[in-house]
Amino acid sequence: RKEVEQDPGPFNVPEGATVAFNCTYSNSASQSFFWYRQDCRKEPKLLMSVYSSGNEDGRFTAQLNRASQYISLLIRDSKLSDSATYLCVVRGGSYIPTFGRGTSLIVHP
Amino acid sequence: GAGVSQSPSNKVTEKGKDVELRCDPISGHTALYWYRQSLGQGLEFLIYFQGNSAPDKSGLPSDRFSAERTGGSVSTLTIQRTQQEDSAVYLCASSSDHSNQPQHFGDGTRLSIL
């Protein structure tokens, strides 16, 4: 089993839709979790950290389920500009974060 | 500067040449990472520096790759005797410590080996 797994997609949704991605991780000792977005041929940019109690930033909601070892990202009212690849990042006992391969989102008019 | 700075933005060189890539992390960030990303692929970890500790070189793909970090700040990634398979975007990231803080990435260096 890979350390961090994501459905590569693409998720193809219309503007205004709600879309959710999951990311599973194998190391139960993982301590911190993040979502990044990466636009084509650009560097990854931090979207949000994921806290144990769940957290929200505008249209974006992140949740952590330690029992089932996954994190999720929910995007409400999708915009064309949300089209990107969303990377899940997990940090455990090692100081080296583990990146998922990413989930591709395409928002169309 | 406000963010992680990498140079050059683009580098085209002939197979067999040596290249040096530079990363200037966010001021005060003690942790620095190098990754590479081939077209359409995920991030591949290369090397990690934390303060004055010995770097974690576990991701370096061959002995042609090396990196150093002088004075706990600027880092240089060197690739000797470049091969075509070294063509990729090389990304540098820094974070304020090694526990629960997120990484911040530079724009990357796009390396093309002819």
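Not measured: the values here are computed from a predicted model. Within each chain, residue numbers correspond to sequence positions counted from 1 in written order. A letter from A marks each chain and a number from 1 marks each ligand, given out in the order of writing. Note on the predicted model: pLDDT of at least 70 is required for a residue's local features to be given, and 80 or more for side-chain atom pairs to be given and counted; whole-chain, interface and lining totals, by contrast, use all residues. Only hydrogens and water are removed before side-chain values are computed, so all heavy atoms of the structure are retained for them.

1. A word on the sheet that holds strand S6 (residues 55–57) of chain A
Residues and elements named next belong to chain A.
Item 1. Each pair of strands is called paired provided DSSP finds at least two bridges between the two strands. A run of DSSP states H or I qualifies as a helix once it reaches four residues; a run of E qualifies as a strand once it reaches two. Both are numbered from the N-terminal end. Strand order in the open sheet formed by five strands is S1-S3-S8-S7-S6, with antiparallel pairing between adjacent strands. The outermost strands of the open sheet, each flanked by one partner alone, are strand S1 (4–6) and S6. In this sheet, neighbouring strand axes are inclined to one another by 20° on average, regardless of whether the strands run parallel or antiparallel.
Item 2. Pairing analysis gives six bridges linking strand S3 (residues 19–25) to strand S8 (residues 70–75), with the strands arranged antiparallel. Residue Asn-22 lies in a different strand from S8, and its bridge partner there is Ser-72. Between N-to-C directions, angles cover 0 to 180 degrees, with each direction set by a line fitted to C-alpha atoms, over the stretch in contact for helices.

2. A look at the state of the cysteines
Item 1. Here, two cysteine sulfur atoms that lie within 2.5 Å of each other are counted as a disulfide. Counted by the stated rule, this structure contains two disulfides over all chains.
Item 2. Here A:Cys23 pairs with A:Cys88 through a disulfide, and the sulfurs are 1.9 Å apart. Negative torsions about the S-S bond denote left-handed disulfides, and the value of about -65° found for A:Cys23 with A:Cys88 makes this one left-handed. Here A:Cys23 is found in strand S3, whereas its partner A:Cys88 is found in strand S9 (residues 84–91), with 65 residues between them in sequence.
Item 3. On the accessibility criterion, A:Cys23 (0% relative accessible area) is buried.
Item 4. Between the sulfur of B:Cys23 and that of B:Cys92 lies a disulfide, 1.9 Å long from S to S. Its torsion about the S-S bond being -65°, the disulfide of B:Cys23 and B:Cys92 is classed as left-handed. With a gap of 69 residues between them, B:Cys23 in strand S3 (residues 19–24) and B:Cys92 in strand S8 (residues 88–95) connect regions that are remote in the sequence.
Item 5. A simple rule labels every residue: compare its accessible area, found with a 1.4 Å probe on the protein chains alone, to the largest value its type can have, and call it buried under 20%, exposed over 50%, or partly exposed in between. Here B:Cys23 falls in the buried class, since its relative accessible area comes to 0%.
Item 6. Judged by relative accessible area, B:Cys92 falls into the buried class, the value being 0%.

3. Concerning the pairing of strand S5 (residues 44–50) of chain B
Item 1. Among the seven residues of S5(B), six are classified as buried, and the element is accordingly described as predominantly covered.
Item 2. In sequence, strand S4 (residues 31–37) of chain B turns back onto S5(B) through a hairpin of six residues, with B:Gly40 there showing a positive phi of about 75°.

4. Regarding the pairing of strand S5 (residues 45–50) of chain A
Residue and element names in this part refer to chain A.
Item 1. Alignment of strand S4 (residues 32–38) against S5, held across five bridges, turns out to be antiparallel. Note that in S5 the partner of Trp-35 across the bridge is Met-48.
Item 2. Linkage of S4 to S5, two consecutive antiparallel strands, is achieved through a turn of six residues, within which Arg-41 is found at a positive phi near 65°.

5. Focus: the pattern of salt bridges
Residues and elements named next belong to chain A.
Item 1. Any Lys or Arg side-chain nitrogen located within 4 Å of an Asp or Glu carboxyl oxygen qualifies as a salt bridge. Tallying each qualifying case throughout the model produces seven salt bridges over all chains.
Item 2. Two residues, Arg-37 and Asp-39, come together in a salt bridge whose shortest N-O distance is 2.6 Å.
Item 3. Asp-39 sits in the partly exposed class, given a relative accessible area of 30%.
Item 4. Two residues, Arg-76 and Glu-56, come together in a salt bridge whose shortest N-O distance is 3.6 Å. In this pair, Arg-76 is assigned in the loop between S8 and S9 and Glu-56 in strand S6, connecting sequence segments 20 residues apart.
Item 5. Judged by relative accessible area, Glu-56 falls into the exposed class, the value being 59%.

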